[in-house]
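Observations on the model geometry
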Amino acid sequence: MEWLSQRCPLPPAAQGCPRPGRGTLLLVVILSLLMYPVLRSLALQLHSAVTGSYISGAHSIAFINCLNEQIAKDIARAILDKKLAAYVNILPKSLALYFWKGELEESTEILLLVKTRTSKIGELSNYVRSIHPFEIPEIISLPIDQGNPLYLKWIEESVPQD
């Protein structure tokens, strides 16, 4: 037992090595909670890679309104040229009613449906805002919960990761 006292010198009244304090325990718990989303994401990606299953929300559809068809085509091409999306639908004219600066407005708009990786939505939004003629363009995205696995894989292959 003498070798133990050399490795863990204690006052004579102590029975064993001191336990970690509450601060250490609290730090471990906080770090574990903070790391949970990262660890969960890595586990889901690993599971997806091993099983070939789709991770819900890995891809998104962004809705972007445009003033006319030419602007819609220009924005769609610019998005695709920058590889921010795999596919862009240009939907025909629709009537829009909205409040702008306190007044009820009415206009026709063209809607873009942009299919991309969810991780690219921030970059896509920033880029569209920089080239869009509207002061506040509509850029809204929704995650894709499920879909044709081959199509979702194609989106993944078409849009490079961050």
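Residues numbered from 1 in each chain as written. Predicted model: local features only at pLDDT ≥ 70, side-chain atom pairs only at ≥ 80, totals over all residues. Heavy atoms only, no water.

**Considerations on the pattern of salt bridges**
Enumeration according to the criterion identifies four salt bridges in this entry. The salt bridge partner of Glu 135 is Lys 101, with a shortest N-O separation of 3.7 Å. Remark: Lys 101 occurs in the loop between β2 (87-100) and β3 (103-117) and Glu 135 occurs in the loop between α4 (121-131) and β4 (139-143); sequence separation between them is 34 residues. You'll find Glu 135 and Lys 101 in the same group, each marked exposed. Put simply, Lys 153 and Glu 157 hold a salt bridge, and the shortest N to O gap is 3.9 Å. In this pair, Lys 153 and Glu 157 are both assigned in helix α5 (residues 149-158), four residues apart and thus about one turn of the helix distant. With a relative accessible area of 58%, Glu 157 lands in the exposed category. (Salt bridge = Lys/Arg side-chain N within 4 Å of Asp/Glu carboxyl O. Helix = DSSP H or I, 4+ residues; strand = E, 2+ residues; numbered from the N terminus. Buried < 20%, exposed > 50% of the residue type's maximum accessible area, 1.4 Å probe, protein only.)

**Some points on unusual backbone geometry**
Not every positive phi belongs to a glycine, and Lys 83 is a case in point at roughly 60°. For Lys 83, the location among the structural elements is in the loop between α3 (69-81) and β2. Residue class for Lys 83 comes out partly exposed when judged on its relative accessible area of 46%. A positive phi angle, close to 55°, is found at Lys 101, a residue other than glycine.

**Some remarks on the confidence of the model for the protein chain**
Looking at the protein chain, pLDDT values average 85 and 80% of them are 70 or higher. α3 holds the highest mean pLDDT among the elements of the protein chain, 98, whereas helix α1 (residues 2-7) holds the lowest, 54. (pLDDT = per-residue confidence, 0-100.)

**Here we look at the nonpolar core**
Ile 64, Cys 66, Ile 75, Ile 79, Leu 112, Val 114 and Leu 124 are the most contacted members of the largest nonpolar core, which totals 19 residues. At the level of elements, β1 (59-66), α3, β3 and α4 are the ones that each hand at least two residues to this core. Considering every element that reaches this core, the biggest residue donor is α3, with six residues. Contacts of Ile 64, omitting those with residues within four sequence positions, involve Ile 79, Ile 110, Leu 111, Leu 112, Val 114, Val 128, His 132, Glu 138 and Ile 139. In terms of nonpolar packing, the next biggest core, distinct from the first, is built from five residues, Ile 144, Leu 152, Ile 155 and Val 159 among them. (Core = buried A, V, L, I, M, F, W, Y, C linked by side-chain atoms within 4.5 Å. Contact = heavy atoms within 4.5 Å.)

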